[in-house]
Amino acid sequence: MSDGGESPKSVQEAPAAAAPGEPMDLNTAIQVVMKKALAHDGLSRGLHEAARAIERGQAQLAILADDCNQPDYKKLIEALCAEQSVNLISVPEQQTLGQWAGLCKIDAEGEARKVVKCSCAVITDYGEETEGLAVLQEYLKSR
């Protein structure tokens, strides 16, 4: 985000995965990219890790939850992203962001259990090229 006074754009809840042949929406793309980043050890979760990654200049993308109950928390992440020229995307819920960031247990049926809320996550390494990454980069260019 290059404009200091502008708040990040919010995105809506997404289905678990896009059907083959259908265009991928932004939330599904974020989910895919976060899973690849987690697999390649390129995901920082939480305020301390996120702030450290942004300040070091390692951050490529920051994801912030809209329903964060600490306004100072949001201001800090937004200011650090503006200072370091890091792209910032907002998602509606902490619970969703926590699940996407891998802060949950997966049961035998593949359902997420014991999801821990996450207000901020930072991607430092996208991992491999995916369709989700292409959709995400196209969205960031169009803003």
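Conventions adopted
Residues numbered from 1 in each chain as written. Predicted model: local features only at pLDDT ≥ 70, side-chain atom pairs only at ≥ 80, totals over all residues. Heavy atoms only, no water. Disulfide = S-S within 2.5 Å. pLDDT = per-residue confidence, 0-100. Contact = heavy atoms within 4.5 Å. Axes fitted to C-alpha atoms, helices over the stretch in contact; angles between N-to-C directions. Helix = DSSP H or I, 4+ residues; strand = E, 2+ residues; numbered from the N terminus. Parallel < 35°, antiparallel > 145°, perpendicular 65-115°, else oblique. Left-handed = near helix turned anticlockwise from the far one by under 90°. Nonpolar A, V, L, I, M, F, W, Y, C, P; charged D, E, K, R; others polar. Pairing = 2+ DSSP bridges. Core = buried A, V, L, I, M, F, W, Y, C linked by side-chain atoms within 4.5 Å. Buried < 20%, exposed > 50% of the residue type's maximum accessible area, 1.4 Å probe, protein only. Expected span 1.5 Å × (residues − 1). Arc of directions from axis to C-beta.

Visitor: What is the right way to read the state of the cysteines from this model?
Guide: Between two cysteines, a covalent bond joining their sulfur atoms is known as a disulfide. Summed over the entire model, instances satisfying the criterion amount to 0 disulfides. For Cys120, which is in no disulfide, the shortest distance to another cysteine sulfur is to Cys118 and amounts to 6.9 Å.

Visitor: What should I look at first to understand the confidence of the model for the chain in this one?
Guide: In low-pLDDT segments, the atomic positions of the prediction should not be examined closely. When pLDDT is averaged across the chain, the result is 79; 85% of the residues are at 70 or more. Taken together, the stretch residues 12-19 has pLDDT below 50 and engages in 17 contacts with residues farther than four places along the chain or on a different chain.

Visitor: How should the packing of helix α2 (residues 47-55) against helix α3 (residues 71-84) be read in this particular structure?
Guide: Working note: a packed helix pair is described by the angle between its axes plus the distance between those axes. Taken N-terminus to C-terminus, the directions of α2 and α3 make an angle of 15°; their axes are 9 Å apart at the nearest point. With respect to their mutual orientation, α2 and α3 come out roughly parallel. Between α2 and α3 lies a crossing whose hand is left-handed. Residues Leu47, Ala50, Ala51, Ile54 and Glu55 of α2 pack against Tyr73, Leu76, Ile77, Leu80, Cys81 and Gln84 of α3. Classifying every residue of the contact of α2 with α3 by side-chain character gives 9 nonpolar, 1 polar and 1 charged.

Visitor: When you look at the sheet that holds strand β1 (residues 43-45) in this model, what are you seeing that I'm missing?
Guide: Hydrogen bonds between backbone groups are what pair the strands of a sheet, and the pairing can be parallel or antiparallel. Taken in spatial order, the 4 strands line up as β1-β6-β2-β3 in an open sheet, and their pairing is mixed. Both outer strands of the open sheet, β1 and β3 (87-91), are each paired with one neighbouring strand and no more. Pairwise comparison of adjacent strand axes, ignoring direction, gives a mean angle of 20° for this sheet. Judged from the 4 bridges that link them, strand β2 (residues 61-65) and strand β6 (residues 120-123) form a sheet pairing that is antiparallel. Paired with Ala62 across the strands is Val122, a residue of β6. Sheet contacts for α3: β2, β3 and β6; angle to β2, the most-contacted strand, approximately 160°.

Visitor: Looking at this model, I keep getting lost on the nonpolar core. Mind explaining?
Guide: Nonpolar side chains in soluble globular proteins generally cluster together in the buried interior. By size, the foremost hydrophobic cluster in this structure holds 22 residues, and its most contacted members are Ile30, Met34, Leu61, Ile63, Leu97, Ile123 and Leu136. Among the elements that line this core, the one with the most residues is helix α1 (residues 26-39), at 5 residues. Setting aside residues no more than four positions away along its own chain, Ile30 makes contact with Ile63, Ile89, Val91, Trp100 and Leu136. Residues Ala50, Cys68, Leu80 and Val122 belong to the second largest nonpolar core, which totals 16 residues.

Visitor: Can you walk me through helix α5 (residues 131-142) in this structure?
Guide: For an α-helix, the turn length of 3.6 residues means that residues three or four places apart are oriented alike. Taking 1.5 Å of rise per residue, the 12 residues of α5 would be expected to cover 16 Å, and the 17 Å separating its terminal C-alpha atoms lies within 8% of that figure. Here α5 has its buried residues at Gly132, Leu133, Leu136, Tyr139 and Leu140. What you see down the axis of α5 is that its buried residues fit within an arc of 125°, all on one side. Residues Glu138, Lys141 and Ser142 are exposed on α5 and point more than 90 degrees away from its buried face. Buried residues in α5 make contact with α1, β2 and β3.

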